[in-house]
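The lines below spell out each chain.
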Amino acid sequence: MSPRTARVLLVCFALAAAADLLSLLAGFDPGHRIAKPLLMPLLAAHAGVRGAPRLLLAALLLGWCGDLALMSDTDPAFLAGMASFAAGHVCYLVLFRRTARVRDLRLAGAYATALVVLVVLLWPGLPAGLRVPVAGYSLLLTAMAYGATRLGPVAALGGALFMLSDTLIATGVADWPQLPQAAFWIMLTYIAAQFLLVRGVLDPLGARRVPAAAYGEMRSTTP
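Let us look at the structure shown here. All of these numbers come straight from a predicted model, not from anything done at the bench.

Quick notes on the overall build of the chain
Of regular secondary structure, the chain possesses 10 helices and 0 strands. The order of α-helices and β-strands along the chain, N terminus first, is α-α-α-α-α-α-α-α-α-α. For the chain, buried positions account for 46% of its 223 residues. Per element, the accessible surface of the chain, about 10800 Å² overall, is 71% carbon and sulfur.

Encoded structure:
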């Protein structure tokens, strides 16, 4: 497909993101419920048109499944959403491990410290049935965010924002005091995170760092 198609899909993603965020700010729940499910399919379509690896598309579509699950307020839906996002992080991790950049052990230590501090602080406030799942999910999320640093600063920022977004969700589950318009900040950081991770993989610098083997699994985008 043409670059024009990719641009059109990206504009549609941006419009859906704006509609979702403005709906959250205005307290217009129907707008949020319409716009949110459009976000990851549009971003995945944009990435697919640009020849994204299948693992990237899988991560985005698993994020979409998580988005749908988290639109319900029940504990089973929360666990299902967390499981979907965890599977998406595994896809990101496998994709990032195919890069050839040298690992920064000091940076790994910083992410590990952040993980331990976060889990220790959240643990007492979490419902008993969610403590182990949240800790396991936090481990995968942190590993993904650290792995994203191997693709460069754009993907690294995406990984960090994903951590921030999910931390805001976790503090709500743990009944911590919340920011005003917390749902807006959660979605803003999440949307930015997924977009930056896509850019980190697909932009020219990121593309050179992902070896050809990662693109051997490309999804066909020809009609």
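Concerning a nonpolar patch on the surface
Taken together, V117, L121 and W176 make up a surface patch of nonpolar side chains, about 280 Å² in accessible area. Inspection of the secondary structure assignment puts W176 in the loop between α7 (153–173) and α8 (182–202).

Things to note about the pattern of salt bridges
Overall, the coordinates contain 1 salt bridge when judged by the stated rule. With its nearest N and O atoms 2.8 Å apart, the salt bridge here joins R33 to D29. Of this pair, R33 and D29 both sit in helix α2 (residues 29–49), 4 residues apart, roughly one helical turn.

Thoughts on the packing of aromatic side chains
Counted under the stated rule, the structure contains 7 aromatic pairs. Seen in terms of ring centroids, Y111 and Y146 are 6.1 Å apart; in terms of plane orientation they differ by 55 degrees. Their pairing is tilted. A residue pair is termed long-range when its members are at least 10 positions apart, and Y111 in helix α5 (residues 105–122) and Y146 in helix α6 (residues 128–148) qualify at 35 residues. Of the two residues examined, Y111 and Y146, each falls in the buried class. Between F162 and Y190, the aromatic rings sit 5.6 Å apart at their centres with planes inclined by 80 degrees, giving edge-to-face as the arrangement. Of this pair, F162 sits in helix α7 while Y190 is found in helix α8, placing the two residues 28 residues apart along the sequence. As far as the burial class goes, F162 and Y190 line up, both buried. Feature note: the residues F85, F162 and Y190 constitute an aromatic cluster, connected by ring pairs.

Digging into unusual backbone geometry
In this structure, D175 takes a positive phi of about 65 degrees despite not being glycine. Inspection of the secondary structure puts D175 in the loop between α7 and α8. The backbone phi angle of Q181 is positive, close to 55 degrees, even though this residue is not glycine. Looking at where Q181 falls in the secondary structure, it is placed in the loop between α7 and α8.

Remarks on the nonpolar core
Within the largest apolar cluster, 58 residues are counted, with the highest numbers of intra-cluster contacts made by L56, L60, F96 and F162. Going through the elements one at a time, α1 (3–26), α2, α3 (54–69), α4 (75–97), α5, α6, α7 and α8 are the ones with two or more residues in this core. Of all the elements, α8 adds the most residues to this core, at 10 residues. Setting aside residues no more than four positions away along its own chain, F162 makes contact with F85, H89, Y137, L141, M144, Y190, A193, Q194 and L197.

About the cut-offs
Residues numbered from 1 in each chain as written. Predicted model: local features only at pLDDT ≥ 70, side-chain atom pairs only at ≥ 80, totals over all residues. Heavy atoms only, no water. Helix = DSSP H or I, 4+ residues; strand = E, 2+ residues; numbered from the N terminus. Buried < 20%, exposed > 50% of the residue type's maximum accessible area, 1.4 Å probe, protein only. Areas by Shrake-Rupley, 256 points an atom, 1.4 Å probe, with all protein chains shown as cover. Patch = residues over 30% accessible without salt bridge, like charges linked within 9 Å, V, L, I, M, F, W, Y side chains within 5 Å. Salt bridge = Lys/Arg side-chain N within 4 Å of Asp/Glu carboxyl O. Phe/Tyr/Trp six-rings, centres within 6.5 Å; stacked < 30°, edge-to-face > 60°. Core = buried A, V, L, I, M, F, W, Y, C linked by side-chain atoms within 4.5 Å. Contact = heavy atoms within 4.5 Å.

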